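Here is what each chain is made of, one letter per residue.
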Amino acid sequence: MMSQMPKIFIDGEYGTTGLGIRQRLGNLPVQVCSIPVEQRHDMKVRLDMMAQVDLVVLCLPDEASRESVAAIQSLSGHQPKVLDASTAFRTHPDWVYGFAELDLGQAEKIKSAPLVANPGCYSSGAIALLHPLVKAGIIAKDYPLTINAISGYSGGGKQMIASYEVTKDAPPFMLYGLSLQHKHLPEIVHYAGLSREPIFVPSVGNFPQGMIVSVPLHVDTLSNNANIDDIKQCLQQHYADGNVVSFVDEVPAKVSGDHLALTDQMELHVHSNVRQDMVVLTATFDNLGKGASGAAIQNIRLMLGV
Ligand SMILES: NC(=O)C1=CN([C@@H]2O[C@H](COP(=O)(O)OP(=O)(O)OC[C@H]3O[C@@H](n4cnc5c(N)ncnc54)[C@H](OP(=O)(O)O)[C@@H]3O)[C@@H](O)[C@H]2O)C=CC1
Ligand SMILES: CC(=O)N[C@@H](CCC(=O)OP(=O)(O)O)C(=O)O
């Protein structure tokens, strides 16, 4: 079915993530197939379109994503590949996790997979920091981790954007997720390789785009007598190619939430005190970039070979 110009349909193309992907697709040799905005909830119209394309990108709430996947899988003839931006399938064994930097070989898996789950925004930062360190035996699988994060308000989709920009009834800064069951925890545990669930405290600030995920560690609680140089070396090696995710040795005195806004890059830093016995790891990126649409474009390029 793959022609010279692969065809893509974005189910949910008029939402925040869908629009971000749509914009970025302008630079790729693909044909974007659309339906009118007023038909965006009509499953028959959407399914007719899905049957004609090479790749369907789902940018819908979880339940709607599940419905779309079930509909695609009921197609009797051609089955398009699927990239899902929701949380619905991220730890499902039939789906490949769309974080190309996870390990050597992950990009190849994404290339050949029929079903790919785009990672969560917070999860991308947490996994980027933790996966190499757990794999190297520097952080024990059952380490009692705390993860803190701040997101630009676009992370909350159309509704939250309206509360900051239209009704202006949202606070300048808020902690949330305080029942400690955030929807990204399962994928963080799974792909960081943890056996103990971290305490995860997300927050939102009054800025549109950008994200910092940070992880504090006491050096004397690390495994195998690891020190700060071991942490740096491990991250440096894992992200040696630095194309999208890079380890940056030089640390800024302050990290701004919108440092990498409007880019698809992610930077990792290791901050420490003078005594070298405390560390804060940070991942800085755009929640709509490497945290969503930028990562989706990386996956689309791999899945379609463009
Ligand atoms: N915003 C972000 O930073 C990120 C979001 N995501 C994920 O992407 C997905 C979309 O989120 P986001 O773009 O923020 O959400 P938005 O609310 O901005 O957009 C969702 C879109 O889906 C449409 N939609 C909702 N329900 C249905 C349905 N049953 N059938 C068809 N269309 C439907 C909405 O239509 P309507 O206009 O009628 O509501 C809207 O156009 C979510 O799963 C989210 O978790 C992933 C990464 C980051
Ligand atoms: C600020 C805010 O509300 N953020 C969302 C996460 C962003 C998002 O929708 O993430 P994924 O779709 O990538 O899982 C939340 O905490 O639920």
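Computed from a predicted structure; not experimentally measured.

What counts, and where the lines are drawn
- Residues numbered from 1 in each chain as written.
- Chains lettered and ligands numbered in written order.
- Predicted model: local features only at pLDDT ≥ 70, side-chain atom pairs only at ≥ 80, totals over all residues.
- Domains from an automatic or database assignment.
- Contact = placed C-beta atoms within 7 Å.
- Helix = DSSP H or I, 4+ residues; strand = E, 2+ residues; numbered from the N terminus.
- Pairing = 2+ DSSP bridges.
- Axes fitted to C-alpha atoms, helices over the stretch in contact; angles between N-to-C directions.
- Buried ≥ 20, exposed ≤ 12 C-beta atoms within 10 Å, placed from the backbone.
- UniProt positions renumbered as here; feature names shortened; annotations may be inferred.
- Arc of directions from axis to C-beta.

## Things to note about the domain arrangement of the chain
Here the chain is partitioned into domain 1 (7-119 + 292-304) and domain 2 (121-289). Each of domain 1 and domain 2 has a C-alpha centre, and these two points are 25 Å apart. Taken together, the contact between domain 1 and domain 2 spans 16 residues of the former and 23 residues of the latter. Sorting the residues of the side of domain 1 that touches domain 2 by element identifies α1 (16-25) and α9 (289-304) as the ones contributing at least two each.

## A closer look at the sheet that holds strand β10 (residues 211-218)
Taken in spatial order, the seven strands of this open sheet run β8-β9-β7-β10-β13-β12-β11, and their pairing is mixed. The open sheet has two edge strands, β8 (173-175) and β11 (245-247), and neither has a second partner. Here the average twist between neighbouring strands, direction ignored, is 20°. With three bridges joining them, β11 and strand β12 (residues 266-272) adopt parallel strand pairing. Paired with Phe247 across the bridge in β12 is Leu268. Contacting β11, β12 and β13 (278-285), helix α8 (residues 228-238) crosses the sheet at an angle of about 170° to β12.

## Points about helix α7 (residues 185-192)
Counting buried residues along α7, six of its eight residues qualify, which places the element largely inside the surrounding structure. Of all the residues in α7, the buried ones are Leu185, Glu187, Ile188, Val189, Tyr191 and Ala192. Following α7 by one or two positions, Gly193 adopts a phi angle in the positive range, close to 80°.

## Let's talk about the sheet that holds strand β2 (residues 31-33)
Read across the sheet, six strands follow the order β2-β1-β3-β4-β6-β5 without closing on themselves; strand pairing throughout is parallel. If you trace the sheet from one side to the other, it starts and ends with β2 and β5 (96-97), each paired once. Relative to β2, strand β1 (residues 7-11) runs parallel, the two being bridged by three bridges. By the bridge assignment for β2, Lys7 is matched with Gln31.

## Thoughts on the UniProt feature "active site" (unreviewed entry) in the chain
Within this numbering scheme, the UniProt entry marks Cys121 as carrying the feature "active site" (unreviewed entry). In this fold, Cys121 is placed in helix α5 (residues 121-135). Given 27 C-beta atoms within 10 Å, Cys121 falls into the buried group. Not counting residues up to four positions away in its chain, the partners in contact with Cys121 are Ser151, Gly155, Met211, Asn287, Gly291 and Ala292.

## With respect to α8
Those residues of α8 that fall on the buried side of the exposure criterion are Ile231, Cys234, Leu235 and His238. Buried residues along α8 cover an arc of 90° about the axis, so they all sit on one side. Counted as exposed and oriented over 90 degrees from the buried face of α8: Asp229 and Gln237. Buried residues along α8 sit in contact with α5, β11, β12 and β13.

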